[in-house]
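Tertiary structure, described
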Amino acid sequence: MTGTGRYYNLQEIGSVRALRTPAFELREVREDNLFAEHDRRLQELALGAPEAPAGPRTPLLLSPLVDASVEMSLDLGDDGEDLLADARTNIASGTYDVALELLDEYLHLVPGHQEARFLRAFCLFRLGDEHQTEALRILRPLRDENPAPELRDRVRELRGELRRRLTPLEITAYADTVGRDPAGALDRIGSYLELVPEEGTLSYLLALGLARVGDLEKALETAEKGAAEADTDVQNVAALARRLRLVLLTPVAEPAVRAFLSGSVRHARLLLAGVEPRWRDDPVLKDFDAYLADLGNAHRHGTAPPAPRLPDDRAENLYSLIAESETRYASELMQAGRLEEAEQVLAGLMSKIPGFRWLNFLYALCLYQLGRSPEQAAACAETARRDPTLTQAPELVKAIRGWQEAVAVNPAVEEYVSAMESVAGGASVERLTALRARLLALRARLPSLRRETRTEAGAQVVRQLDEAITDRLAEIADAVVVGDLFQDYERVMSAAGGGITSVAQADRLAASLDLLARRIKDARTKAGRGPSAREQLDGLASQVAARRAEADRVKTAVEVAGLVRRFNSLAEQRSGAPTAVQAGDFLRMRGELDGILREARRLRRGKGPLEPRDLRLLDDLIGAITKVLR
């Protein structure tokens, strides 16, 4: 008779999955190659430029332009009143070529008349094709002359329609010729832009084209004029103007910037004072000088300077002047996979101008890729997110927040998995007790983990971890009870390891097993919801029941063997004794045989199972005694 030798098995090892560090792929890199940007932007515009529309789009131009009896100007002039009236009539009837002749004659008399000039442009617009550019040329000065309200609205509508028709054609023509005749293409698009200064996209493209051929100063002039006059793509034109200005200023300010970065503020101011006169009044250089003046002697080498007292856009210009080239170099290092070198460059710049948002973006990304300093990376990414031009900054913030969660949460998940693996395949009571201590310590960390989660995914992992720990602790409580019962079972069975040789020994084993069975039944009632404890208890109860039945069979075998020995002993006594003694002891022997017979019959009638061998012995014994007693 033996025990089970089994350990308690927990339900699972790894119900909680670790967080993945989010992937982040840098797509936006500040475009510093104006050649590449020009070609890319031109390709986008050329592909997106539709063919010139066939008809007018605006309601004002779909109906007849004027009633023959209504004029749009207050001053008809002293002469030619009939000419203008006739021109209106012909326009109303759609005879635009006749109206043009009348208007030309009238404008010869009154050259500056606004309505007549507008009507002439309208006739050319209606005649279409090559006449439309001339119509736009006539309308260009009217845009700035502020005519009467009704005429002003008509001028704006007609210019808008002509821009809609002609601008795509001009972009296509520029794209077709810039490769073989850059100068001619730039002259043509520049001439057209003079007619439509509202077209910010053209200002952007022309400025890029001028920069592409090396005329940076004219490119800057074009971009700044476009930013001031455009009503489309204004933000891009203004951003390009800023970049071009900084491109021109960087070599001018480089000596002063080097002095500042080395900690010599006073020397940096002296170098700024010595720049070429044409640059001294540049707003960015003046802001740089004012910033250096604010620092003065208060700035100690090795400490981060305070932020400049400037609006955001001007502060960004100043930061770009100081650190754009170094930041670009660090970006190139990062793209080449030289992250450690890039981190050193970026960290040095951060110590000088910690408010530069583009620098913060790259530094946050560098730390993220290195897997280093998540809190600092998050702070830098948040600073970068305040720059709307850094379109990937919100995505980087999200990735870093996920990384922070992973850094905080994953060690706890790994500790949980490690703790559970310590009892993989089964555990003793001692190992379960050690596991319980580890899980309790881990549960004590959960409140701080909850504070560090920033996404629903992180919060869900912490919830899963909490639930898993709670379930495992409840299961361990059951497991300890089960383990104790298994150990008690092992102790009970080890006492019978040498075999049962007496009825008393068998009775003691049966009593111990009966007590253990009652304890198992009680534990089964109190077991938790999980099936593992109940299954193990059911298995143990089955083994206890089997051992209890085995104890009964062994006890019966011992008793049968005892009866057989007693019978054999009596038989030996009688066969070895003299005849006189046999006659004298017969009554005593008969009484003993009768007692053996009663015991044998009792065992034969018993409810407990009998081994075949014991059954044969009892039957033989009963038969032999019955013959003797007849």
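Given the structure is predicted, the values throughout are model-derived calculations rather than measurements. (Residues numbered from 1 in each chain as written. Predicted model: local features only at pLDDT ≥ 70, side-chain atom pairs only at ≥ 80, totals over all residues. Heavy atoms only, no water.)

1. A look at the overall build of the protein
Counted only if it meets this: Only runs of H or I of at least four residues qualify as helices and only runs of E of at least two qualify as strands under DSSP, and these elements are numbered from the N terminus. Classification of residues uses two cut-offs on accessible area relative to the type maximum, computed with a 1.4 Å probe and protein chains only: under 20% is buried, over 50% is exposed, and between them is partly exposed. Calculation of accessible area relied on Shrake-Rupley with a 1.4 Å probe; when residues are assessed, cover is drawn exclusively from the protein chains displayed.
A tally of helices and strands in the protein yields 26 helices and 0 strands. By residue count, 43% of the 630 residues in the protein fall in the buried class. Accessible surface, the protein: about 32000 Å² in total, of which carbon and sulfur atoms supply 51%.

2. A word on the confidence of the model for the protein
It should be kept in mind that the predicted coordinates are not to be read in detail where pLDDT is low. The cut-off we apply is this: pLDDT measures the predictor's confidence residue by residue and takes values from 0 up to 100. Contact criterion: two residues are considered in contact whenever any of their non-hydrogen atoms come within 4.5 Å of each other.
The pLDDT averaged across the protein works out to 83; a share of 85% of its residues lies at or above 70. Across residues 62-77, where pLDDT falls below 50, the model places 34 contacts with residues more than four positions away in sequence or in other chains.

3. Examining the nonpolar core
Condition: To form a nonpolar core, buried Ala, Val, Leu, Ile, Met, Phe, Trp, Tyr and Cys residues must be joined to one another through side-chain atoms within 4.5 Å.
Core analysis: the biggest nonpolar cluster contains 116 residues, and Phe-260, Leu-285, Phe-288, Phe-361 and Ile-400 have the highest contact counts within it. The biggest single contributor to this core is helix α11 (residues 234-261), with 13 residues. Ignoring any residue separated from it by four or fewer positions in sequence, one finds Leu-285 in contact with Leu-249, Val-252, Ala-253, Leu-272, Val-275, Trp-279 and Leu-321. Of all hydrophobic cores here, the second largest spans 22 residues; its members include Val-423, Leu-435, Leu-439 and Leu-465.

4. A closer look at the packing of aromatic side chains
To keep it simple, the criterion reads: Only centres within 6.5 Å qualify two rings of Phe, Tyr or Trp (six-membered ring in Trp) as a pair; their planes then separate them into stacked at under 30 degrees, edge-to-face at over 60, and tilted for everything else.
Evaluated as defined, the whole model comprises 7 aromatic pairs. Of the aromatic side chains, those joined through ring pairs into one cluster are Tyr-96, Phe-122 and Phe-125.

5. A closer look at the side chain of Asp-488
With respect to the secondary-structure elements, Asp-488 resides in helix α22 (residues 456-495). For Asp-488, a relative accessible area of 13% puts it in the buried group. Residue contacts for Asp-488: discarding those within four places in its chain leaves Leu-516 and Arg-519.

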